[in-house]
Structure formats: structure tokens, C-alpha cells
Amino acid sequence: MTMRLPWKRSAPEPAAQISAFEQLAMPLFPSLYNVAVWLCCNPADAEDLVQETFLKALRGFSTFEPGSNFRAWIFRILRNTWLTSRSGLAAQRTIALEDELERGDELGPRQVPEGAIDRQTPELNLVRLGDQAAIRDAMEKLPSPLLEVILLCDIEEMKYREIAMVLDIPIGTVMSRIARGRRALREFLLAPEALSSEVRA
Amino acid sequence: MTDHLTPSLLNALADGELSADQLAVANEHLASCPACTSAALYQSMLKSATERAGHRFAPPPQLEERLARMVRQESAPSKAVALHASTQPVRLLGFAGWATAFVCLLLSGSAFLFERDSHRTTIAASEYAGLVTEVCDQHVATLAANLPPQVVSSDRHTVKPWFQGKIPFSFNLPENLPSDTKLEGANLTYVRNQPAALLLYSIGKHRVSVFVRQRTSAALSYGSSAEYAGFHVARFSNDDLDVIAVSDVDPTRLSNLVSLIEQSQTGTGWPTSHR
């Protein structure tokens, strides 16, 4: 009797599929983990989230259309998985309503006096000094819908179209959330504690 | 253009999302509007600062290993079947009371048994694959080292006693070998962390490594032959011993040698004290 050993048991097609999945997914692993920790606020939960994301993506890889945007596809799985996780559900309970988030979207950037380019505002100093702790603190204060777009746009450098695919929202909503997210960051950086950290620095 | 740029436009500018036409209009406005220029500068700096601050968490190395292992496990068909079965949606019918409970109990019991058997099969196959890999590696290492055996003799009455006190079991060697088959000697070795006798035979110009080790309660009940990296593997087990042979010789001749070794064990009983 001749047995077939495990490394020979996989049919060529599934094996090739697994290999293709690894080639696409593993380079994105650090980015997925980074975003996962930001969302979960907890490395242990983030590990579980990334692992579950990989498992779901692997099992659903046959539905992925070759040549389409794998990064947006797997980030969407990560995000949807997070939404149903403990931290995701908790975040959804505490986020502001969309109407609230929409407030003041079209207000102009009129804080700077007309005719003068003020490069010495506190937030500019913070940014210029590269005070990463202050910026991280500000990011941690963002409600999750705003944090998501900032992470995908600024850290993952996704285009608006990709972000819309990941979050399953219109591009217009992506744009307004980015605007609100950055405004919120600016407000947090202007808050007394951020300013005091600047003074300490 | 006299209207100031909206926050969305300023953000799109910083994110490189403006079309060529929009960019031309925005640049024209920025050339004459210090306020919007300042705001655009701030958005750009905030974006780059956020990018630097956001790359914050590096994944632990063991997580990557765990994911890679998980992907490999998922590729095993039996596991895939088990997982597929375990993820089948369980539809709870509207039957109340004991009937539902009974059905659930029956289903969960069946699933448990199925998964357990599947799991055991996968483990046994993996263990056997590991064993084959190890003995083939040892065979290759022995050939590559090209060193004389620890006991050099074609006499079975010299080779067998050499293992006294070295291994916690004993075995027989066949007396009559085919004309082109010769016992070259033996080494003491370890297989799967157990002491084992490595018998070195030659069949023609082909070298054969025969690993003899004590059968354990967790002995593998897998097939009698396999192939790995071009080598043929043949094996047998009895109540006391687990014997596995590796060579690049013709599988039939390898099987003949293994059969002779197996036949030589018959009737001896081979308790540890019996020499």
C-alpha cells in the first residue's frame, strides 16, 4: 500500500490558491496589525482580529476576483470583523451620530486672519516639532468613524475610492469624514493638555 | 476665483485627489489668498505628521508565524472539510422542548465525533510525514558524511550484540540475504527523540538505512510505503518494534529487504531481556 503524504495531498489548484493568497496577504500583515491595534486599542484583541481576518479572507478567497483591489478587500474584511468584535461594538455605542458628525462641514478655514500667513499657531508648532505623542493622543480621542478614515487615508495612503470600498460608504462621505477628522485633530491639538505638552517639550 | 477653498477641497489638495482642472483653479486661488495658503500648508503638515505618528504598532513575530501556520493548516483538505462542516449554519427549527434538544444533542455529538476522527487522521498523517522527513534527512546525512559505521561488520552476530546496553530493546537480523544485499554495519541514532538502531545495508551499489526503534503506544498506523525527495520508504511494525527503511533502490528490492527483516522477528517475542 502506498500512502499519499500530506505535502502531496493538496490538489494543485487549491495549493496554487493558497500560495496566491499568501503572496497577496502577507505583505499587508504589518499594516493590518497596525490598523487593528488602533481600532481595538489593545494588542491582544488586535492579534485576534488580524487572525480572524486572515481566516475569513482565506476561506473567502475563492470569491475574490483576481486583478481587483486585494488591499481594499482584506481591509474591508478587517473592518467588518472589527465591527462585530467586542471593541467594535463598544465603539459603535459611543460614536456620535452621523448628523452630529456632519455639523459644520462646510465652515471655511477662516481662523487665520485674511492677508497673513500665520505659521506660528500652536498646532503648527506641534506639527512642525513632530510631537508624535501629542498627535497620537489626539488620534486616540477621535471617534471611530473619523479615526478609520484618517488611518486609511494618511497611514495607509489609500485613495478616496479605496476608502469608500473598505468602509462601504460614498466618496462624498469619505471626504466629509476626512475633513471632520482633521478638524477634530486640530482641535485636540489646541486643547490645554496638548499645549502644555508642547510647553514641556 | 474669490471664494475660499472649502475644507474638503483643502483636504483633497493635501491628499492628491483633485482633478487637473480643480488643481488649476485651486492653485490660482492659493496664489492670491494667504489664508487658504496657510490652511493648505497646515493640512499638508498635519497629514505627514499623522502618517509618522500612525505607524505605531509593529506586529509580534510569533503572530506572523501563527498566521503562516494557520494558512498551511487551512490548505489541508481534511481540515478544510472539518472546518467546512463546523461552519455549516445550524438551523434551529421551531420545535420546542425535548425534540429540539435531542436533535441538537445528536447533531453536536456527530459533529464532535467526525471532527475528532478527522483531527486524529490529520495528526497521524502529519506525524508520519515528520517521521519520513527525519529518517530521509538522516539517510542523506549518513551518505554525505561518508564515515565508516560505528560497528563495521557484515556479521549479524556482531552487529546485534553491539547494541546491548545502548538501546532499551532488541531485534533480530535476517540470516540469508539476497546475493547483492549486504549488511555494512550499524550506528546508534535517535529518531523522534527515541534511541534507535540504524542498520546500514547495501543493495548493489545502493545504500539502505534501516531504522529500528521501540514501538510506542502512540505508534503510527500509516501505510507501509511512501516516497520523499526521490527516496523510497518502506516500513513495518509488530508488537515491539517499529522499523522504517530508506533508500533510492528499486522499491520492490527495498520491500524485499524489509520483509526479510520482518520475518526474522517472528517467533522471537523480543522482550527486552531476550538476546
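For clarity, every value in this text was computed on a predicted model and none was experimentally measured.

Section: helix H8 (residues 132-141) of chain A
Line of reasoning, step 1. Those residues of H8 of chain A that sit buried are Ala134, Ile135, Ala138 and Met139 of chain A. Axial view of H8 of chain A: buried residues confined to an arc of 135°, hence all on one face.

A word on the environment of arginine 186 of chain A
All names here are of chain A.
Line of reasoning, step 1. Along the chain, the position of arginine 186 falls in helix H11 (residues 171-190).
Line of reasoning, step 2. For arginine 186, a relative accessible area of 17% translates into the label buried.
Line of reasoning, step 3. Along the backbone, arginine 186 and alanine 138 are 48 residues apart, and their C-alpha atoms lie at a distance of 8.2 Å.

A closer look at the sheet that holds strand S3 (residues 194-203) of chain B
All names here are of chain B.
Line of reasoning, step 1. Pairing within the open sheet is antiparallel, and its seven strands lie in the order S1-S2-S3-S4-S7-S6-S5. A strand with exactly one partner marks an edge of an open sheet, and here the two such strands are strand S1 (151-152) and strand S5 (225-228).
Line of reasoning, step 2. Of the strand pairs in this sheet, strand S4 (residues 206-214) and strand S7 (residues 241-247) are connected by seven bridges, and their pairing is antiparallel. In the strand pairing of S7, valine 210 is matched with alanine 245.
Line of reasoning, step 3. The strands touched by helix H8 (residues 251-265) within the sheet are strand S2 (181-191), S3, S4, strand S6 (231-237) and S7, with S6 carrying the most contacts at an inclination of about 20°.

Details of the packing of helix H9 (residues 144-155) of chain A against helix H3 (residues 34-54) of chain B
Line of reasoning, step 1. As a packed pair, H9 of chain A and H3 of chain B sit with axes 9 Å apart at the nearest point and diverge in direction by 100°. Between H9 of chain A and H3 of chain B, the crossing angle belongs to the class labelled roughly perpendicular. Between H9 of chain A and H3 of chain B, the contacting residues are Ile150, Cys153, Asp154 and Ile155 of chain A on the first element and Lys47, Thr50, Glu51 and Gly54 of chain B on the second.
Line of reasoning, step 2. Here the contact of H9 of chain A with H3 of chain B is built from residues that sort into three nonpolar, two polar and three charged.

Quick word on the pairing of S5 of chain B
All names here are of chain B.
Line of reasoning, step 1. Note: S5 against S6, four bridges, orientation antiparallel. Looking at S6, one finds that tyrosine 228 is bridged to phenylalanine 231.
Line of reasoning, step 2. Turn length for the S5-S6 hairpin, with the two strands adjacent in sequence and antiparallel, is two residues, and the turn residue alanine 229 shows positive phi of about 50°.

Some words on the confidence of the model for chain A
Line of reasoning, step 1. Per-residue confidence for chain A averages 77 on the pLDDT scale, and 69% of its residues sit at or above 70.
Line of reasoning, step 2. Note on residues 104-119 of chain A: pLDDT under 50 across the span, and 36 contacts to partners over four residues away in sequence or across chains.

A short note on unusual backbone geometry
Glycine aside, residues mostly have negative phi angles, and peptide bonds mostly take the trans form.
Residues and elements named next belong to chain A.
Line of reasoning, step 1. You will see that cysteine 41, though not glycine, has its phi angle at about 60°, which is positive.
Line of reasoning, step 2. Tracing the chain through its elements places cysteine 41 in the loop between helix H2 (29-40) and helix H3 (43-59).
Line of reasoning, step 3. Judged by its relative accessible area of 67%, cysteine 41 is exposed.
Line of reasoning, step 4. Residues other than glycine seldom take positive phi values, yet aspartate 168 does so here, at roughly 60°.

Section: the packing of H2 of chain A against H3 of chain A
Residue and element names in this part refer to chain A.
Line of reasoning, step 1. Across the interface, H2 lies against H3 with an axial gap of 8 Å and an inter-helix angle of 130°. By the criterion of interaxial angle, the relationship of H2 to H3 is oblique. Crossing of H2 over H3 shows right-handed handedness. Contact residues: Phe29, Leu32, Tyr33, Ala36, Val37 and Cys40 in H2; Pro43, Asp45, Ala46, Glu47, Leu49, Val50 and Phe54 in H3.
Line of reasoning, step 2. Classifying every residue of the contact of H2 with H3 gives eleven nonpolar, no polar and two charged.

What about the nonpolar core?
Line of reasoning, step 1. Counting residues in hydrophobic clusters, the biggest one holds 76 residues, and the most contacted among them are Phe21, Phe54, Phe70, Ile74, Phe75, Met139 and Ile163 of chain A.
Line of reasoning, step 2. If we ignore the near neighbours within four places in the chain, the residues touching isoleucine 163 of chain A are Val149, Leu152, Cys153, Met158, Asp168, Val174 and Ile178 of chain A.
Line of reasoning, step 3. In this structure, Ala197, Ile203, Val210 and Leu257 of chain B belong to the second largest nonpolar core, which totals 26 residues.

Digging into the packing of aromatic side chains
Line of reasoning, step 1. What the rule picks out here adds up to 13 aromatic pairs over all chains.
Line of reasoning, step 2. Look at phenylalanine 64 of chain A and phenylalanine 70 of chain A: their rings are 5.3 Å apart centre to centre, the planes differ by 90°, and that puts the pair in the edge-to-face class.
Line of reasoning, step 3. Residue phenylalanine 70 of chain A is classed as buried on the basis of its relative accessible area, which comes to 6%.
Line of reasoning, step 4. When the centroid spacing of 5.1 Å and the interplanar angle of 50° are considered together, the rings of phenylalanine 64 of chain A and tryptophan 73 of chain A count as tilted.
Line of reasoning, step 5. Phenylalanine 64 of chain A sits in the buried class, given a relative accessible area of 8%.
Line of reasoning, step 6. Between lysine 166 of chain B and the ring centre of tryptophan 162 of chain B, over which it is positioned, the NZ or CZ distance is 4.3 Å.

Rules used in this analysis
Residues numbered from 1 in each chain as written. Chains lettered and ligands numbered in written order. Predicted model: local features only at pLDDT ≥ 70, side-chain atom pairs only at ≥ 80, totals over all residues. Heavy atoms only, no water. Buried < 20%, exposed > 50% of the residue type's maximum accessible area, 1.4 Å probe, protein only. Helix = DSSP H or I, 4+ residues; strand = E, 2+ residues; numbered from the N terminus. Arc of directions from axis to C-beta. Pairing = 2+ DSSP bridges. Contact = heavy atoms within 4.5 Å. Axes fitted to C-alpha atoms, helices over the stretch in contact; angles between N-to-C directions. Parallel < 35°, antiparallel > 145°, perpendicular 65-115°, else oblique. Nonpolar A, V, L, I, M, F, W, Y, C, P; charged D, E, K, R; others polar. pLDDT = per-residue confidence, 0-100. Left-handed = near helix turned anticlockwise from the far one by under 90°. Core = buried A, V, L, I, M, F, W, Y, C linked by side-chain atoms within 4.5 Å. Phe/Tyr/Trp six-rings, centres within 6.5 Å; stacked < 30°, edge-to-face > 60°. Lys NZ or Arg CZ within 6 Å of the ring centre and 35° of its normal.

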